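Residues per chain are reported as follows:
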Amino acid sequence: MKVDLRQRARELGFDDCRVTTANAPESAPRFQQWLAEGHHGQMAWLQRNAAKRVDPQQVLAGARSIVTLAASYHIANCQLPIANRQSGVVARYARYGDYHDLLGERLQRLTQFLNGLGGPSTRSLWYVDTGPLLERDFAQRSGLGFIGKHTNLISRRLGNWVFLSEIVTTLALEPDEPERNRCGSCSRCLAACPTAAITAPFRLDARRCISYLTIELQGSIPVELRPAIGCRVFGCDDCLEACPWNRFACEGQLMKAHARPDLAQPDLLELLRLDETGFTRRFAGTPIKRARRRGLRRNVCVALGNTGDDRALSALEAAAQDAEPLVAEHACWAIARVEAGRRTGC
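Our subject in this report is the structure included herewith. Starting from 1, residues in each chain are numbered consecutively following that chain's sequence as written. Local features are withheld for residues below a pLDDT of 70 in this predicted model, meaning they are given only at 70 or higher, and side-chain atom pairs are given and counted only at 80 or more; totals for whole chains, interfaces and linings count all residues. Water and hydrogen atoms were dropped before computing side-chain values, which therefore reflect all heavy atoms in the structure.

### Observations regarding helix 2 (residues 28–36)
- Summary of the burial criterion: residues with accessible area below 20% of their type's maximum are buried, those above 50% are exposed, and those between are partly exposed, where the area comes from a 1.4 Å probe applied to protein chains only. Comment: elements are numbered from the N terminus, with helices defined as DSSP H or I runs of at least four residues and strands as E runs of at least two. For helix 2, the set of buried residues is Ala-28, Phe-31, Trp-34 and Leu-35. Take helix 2 and look down its axis: the buried residues cluster within an arc of 120°, on one side only. Every exposed residue of helix 2 that faces more than 90 degrees away from the buried side is listed here: Pro-29, Arg-30 and Ala-36.
- Looking at the packing, one finds that the buried side of helix 2 touches helix 3 (44–48), helix 4 (50–53) and strand 9 (203–204).
- Within two residues after helix 2, Gly-38 carries a phi angle of roughly 75°, on the positive side. By construction, the arc corresponds to the directions joining the helix axis to the C-beta atoms. Contact definition: two residues touch when any of their heavy atoms are within 4.5 Å.

### What to know about the sheet that holds strand 4 (residues 124–127)
- Two strands are counted as paired when DSSP detects at least two bridges linking them. A sheet is described by the order of its strands in space; here 4 strands give the open sequence 1-2-7-4, paired in antiparallel fashion. Two strands lie at the open edges of the sheet, namely strand 1 (16–21) and strand 4, each paired on one side alone. Shown here is a sheet whose adjacent strand axes are inclined to one another by a mean of 20°, direction ignored.
- Here strand 1 pairs with strand 2 (residues 65–72) via 6 bridges, running antiparallel. Opposite Thr-21, over in strand 2, you have Ser-65 as the bridge partner.
- Note on geometry: axes are C-alpha line fits, over the in-contact stretch for helices, and angles between N-to-C directions span 0 to 180 degrees. Of the strands in this sheet, strand 2, strand 4 and strand 7 (162–169) are in contact with helix 6 (residues 99–118), which crosses strand 7 at around 30°.
- Where helix 7 (residues 135–142) meets the sheet, it contacts strand 1, strand 2 and strand 7, and its direction lies at approximately 95° from that of strand 1.

### Structural notes on the side chain of Arg-297
- For Arg-297, the position within the fold is in helix 15 (residues 292–307).
- In the analysis that follows, any N or O atom pair within 3.5 Å is treated as a polar contact, provided that within protein one partner can donate a hydrogen and the other can accept it, and provided that, for residues neighboring in sequence, both atoms belong to side chains. One polar contact links the side chain of Arg-297 to the main-chain carbonyl oxygen of Leu-272, over a distance of 3.1 Å.
- Among all residues touching Arg-297, those that are not within four sequence positions of it are Leu-271, Leu-272, Leu-274, Asp-322 and Val-327.

Below you can see the structure in the form of structure tokens.
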């Protein structure tokens, strides 16, 4: 039965498929402590559904197995030099069509196949990044990979450029062997983080993470962290890129077909000029829409301030008069930063 499931998963484009039990994750106490310390920032939904995350039975009564799946978004030779001082950088995972949609359609078909294996009484739920599950913990317990010191999952076969998804099911499937941690003494990811958000091995303070600051944070980016953002306008890959396991990374065919090279290094001034219609047209069907126009323009102002390019001043001065206070505030900061750099010759 499990062999049939894996074969069907491969046919649908997934790069790996493993199984674990629906028992509670062993990491539950650490997760609850992480929440208690406020390291989740404004991601309030993590607190709201914390009980479900530590008890799969609250997600699906009678659950017996969790199928974990990986889809690689690695593309060989995707490291590009910055085109110019007015180019932004987008995290690799967002340089595609929205993975929620692309994987979700295939997960729905795989779930139907799984229910067919189990018979009429089988019930299953699938999730792509949005379910109340500690997905990395289940992925490690199923043998899909191991959680690295940067708190992301690392596959020995795929590196850490992977999308995770799960199917929780009442069907009893033979579990795979768990994966053990293989970081050893390596601490490259900790050293690579521009904002020191990885406060210790396996501990992330999301409030300092650039991915959180440029995507999840709804308000003003802390002034002291803005310079470290550089020209990143959506997400950050630094800790992932530092991982030596990436030398084994393999391209995933499912995501490769939906690559959006035009999103890799967008022109910052063009992004700042986008109206609501233009934003929707440019980013509909991509992960970047999650930041919303106001959030993206906030990020662009920070990036332009960090470039130190005084050719951006006129665009920033216009943004400083924006009706959206969030954008105006960050534009004013950027203007002051560019002008200070000009005065000191930096």
